[in-house]
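Structural overview for review
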Amino acid sequence: MTASVLILNGPNLNLLGTREPDIYGAETLADIEAACRTHGGNLGLDVDFRQSNTEGEIVEWIQAARGSATAIIINAGAYTHTSVAILDALLAVDLPVMEVHLSNIYQRDEFRHHSYISKAATGVICGLGSQGYLLALDAVAQRLDQANN
Ligand code: CA2
């Protein structure tokens, strides 16, 4: 059976490509989704790519991943810096979690330097733009290979 990776995107990431290209790049979220699907396919991974502006919906998607996904890649957007609810859901689901940020959050405002999500993350990638999602897929694939061999 093909392993499925749930890729979650938080608030305002649906605006990618329309504003602030200097910080977040020129690609749209649809461009990033297409790149993830292609790269995931090459790695033998199914990609389930979603975005929500609502904290509760993200929590429900994480809870539902138990039993259906083999790993979660998450860019929680601004919820990264505020959401104990998303942290608790990630801890409860007990899956490998890769945290991704397009921008280098440590070069930005002080309030972006702390991530609640990181406590639940196997790995964290930031500052590499959309490449971060692809590197996270590589990390998931490599861990699955190691677990299966
Ligand atoms: O760098 C990242 O990926 C962030 O997770 C993006 C979040 C930000 O709150 C985090 O600190 C870092 C914001 C996403 C908002 O995206 C926009 C895209 C275009 C125009 C406006 C916002």
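Structure: above.
How each quantity is defined
Sequence order as written defines residue numbering, which begins from 1 separately in each chain. Local features are withheld for residues below a pLDDT of 70 in this predicted model, meaning they are given only at 70 or higher, and side-chain atom pairs are given and counted only at 80 or more; totals for whole chains, interfaces and linings count all residues. No hydrogens and no water enter the side-chain calculation; it runs on all heavy atoms of the structure. Only strands joined by at least two bridges in the DSSP assignment are considered to pair. Under the DSSP-based scheme used, a helix requires at least four consecutive residues in state H or I and a strand at least two consecutive residues in state E, with every element numbered from the N terminus. Helix axes are fitted only over the stretch in contact, all axes being lines through C-alpha atoms; the angle between N-to-C directions runs from 0 to 180 degrees. In what follows, a contact means two residues having at least one pair of non-hydrogen atoms within 4.5 Å. Pairing of aromatic rings covers Phe, Tyr and Trp, the last through its six-membered ring, and needs centres within 6.5 Å; plane angles under 30 degrees mean stacked, over 60 mean edge-to-face, and all others mean tilted. Each residue's exposure class comes from its accessible area (1.4 Å probe, protein chains only) as a fraction of the maximum for that residue type: buried when under 20%, exposed when over 50%, partly exposed otherwise. Two limits define a charge over a ring: the Lys NZ or Arg CZ must be within 6 Å of the ring centre, and within 35 degrees of the ring normal. In this scheme, roughly parallel covers angles under 35 degrees and roughly antiparallel covers those over 145, while 65 to 115 is roughly perpendicular and the rest are oblique. The classification used treats Ala, Val, Leu, Ile, Met, Phe, Trp, Tyr, Cys and Pro as nonpolar, Asp, Glu, Lys and Arg as charged, and all other residues, Gly among them, as polar. Put simply, a residue is near a molecule or strand once any heavy atom of it comes within 4 Å of that molecule or strand. Any N or O atom pair separated by 3.5 Å or less is treated as a polar contact, with the protein-specific requirement of one donor-capable and one acceptor-capable atom, and with residues adjacent in sequence counted only for side-chain atom pairs. What sets the accessible areas is the Shrake-Rupley method with a 1.4 Å probe; for residues, cover comes only from the shown protein chains. Helix crossings get a hand from a simple test, with the near helix turned counterclockwise from the far one by less than a right angle marking a left-handed crossing and a clockwise turn marking a right-handed one.

Examining the sheet that holds strand β4 (residues 97-101)
One open sheet accounts for five strands, arranged β2-β1-β3-β4-β5; its pairing is parallel. In the strand order of this sheet, the two ends are held by β2 (45-51) and β5 (123-126), each with one partner. Neighbouring strand axes in the sheet, compared pairwise and without regard to direction, differ in orientation by 20° on average. Bridge count between strand β1 (residues 3-9) and β2: seven bridges; the pairing is parallel. What sits directly across from Val5, in β2, is Val47. Of the strands in this sheet, β1, β2 and β3 (71-75) are in contact with helix α3 (residues 55-65), which crosses β1 at around 170°.

What about the packing of aromatic side chains?
Under the criterion given, the structure shown has one aromatic pair. Measuring from centroid to centroid gives 6.4 Å for Phe49 and Tyr133, while their planes differ by 35°, and the two rings are tilted. Highlighted residues: Phe49 in strand β2 and Tyr133 in helix α5 (residues 131-148), separated in sequence by 84 residues. For Phe49, a relative accessible area of 9% puts it in the buried group. Just above the ring of Trp61 sits the side chain of Arg50; from NZ or CZ to the centre is 5.1 Å.

Quick notes on the packing of α3 against helix α4 (residues 84-93)
Two numbers describe how α3 lies on α4: the axes approach to 9 Å, and their chain directions differ by 5°. Taken together, the axis directions place α3 and α4 in an arrangement best described as roughly parallel. Across the interface between the two elements, Glu55, Ile58, Val59, Ile62, Gln63 and Ala65 of α3 pack against Ala85, Ile86, Ala89, Leu90 and Val93 of α4. By residue class, the composition of the contact of α3 with α4 is nine nonpolar, one polar and one charged.

Considerations on the site of the ligand
Lining the immediate surroundings of the ligand are 17 residues, of which Asn75, His81, Leu102, Ser103 and Arg112 lie closest. At a separation of 3.4 Å, an oxygen atom of the ligand approaches a polar backbone atom of Ala78. Here His81 contributes a side-chain N or O atom positioned 2.7 Å from an oxygen atom of the ligand. Against a free-state accessible area of 510 Å², the protein chains account for coverage of 95% of the ligand. Of the residues belonging to the shell around the ligand, the class tally is eight nonpolar, six polar and three charged.

Brief notes about the packing of helix α2 (residues 29-42) against α5
Contact geometry for α2 and α5: axes closest at 10 Å, N-to-C directions at 25°. On the basis of their axis angle, the class for α2 and α5 is roughly parallel. Every pair of crossing elements has a handedness; the one defined by α2 and α5 is right-handed. Between α2 and α5, the contacting residues are Ile32, Ala35, Cys36, His39 and Gly40 on the first element and Tyr133, Leu134, Leu137 and Asp138 on the second. Here the residues of the contact of α2 with α5 are counted per class, giving six nonpolar, two polar and one charged.

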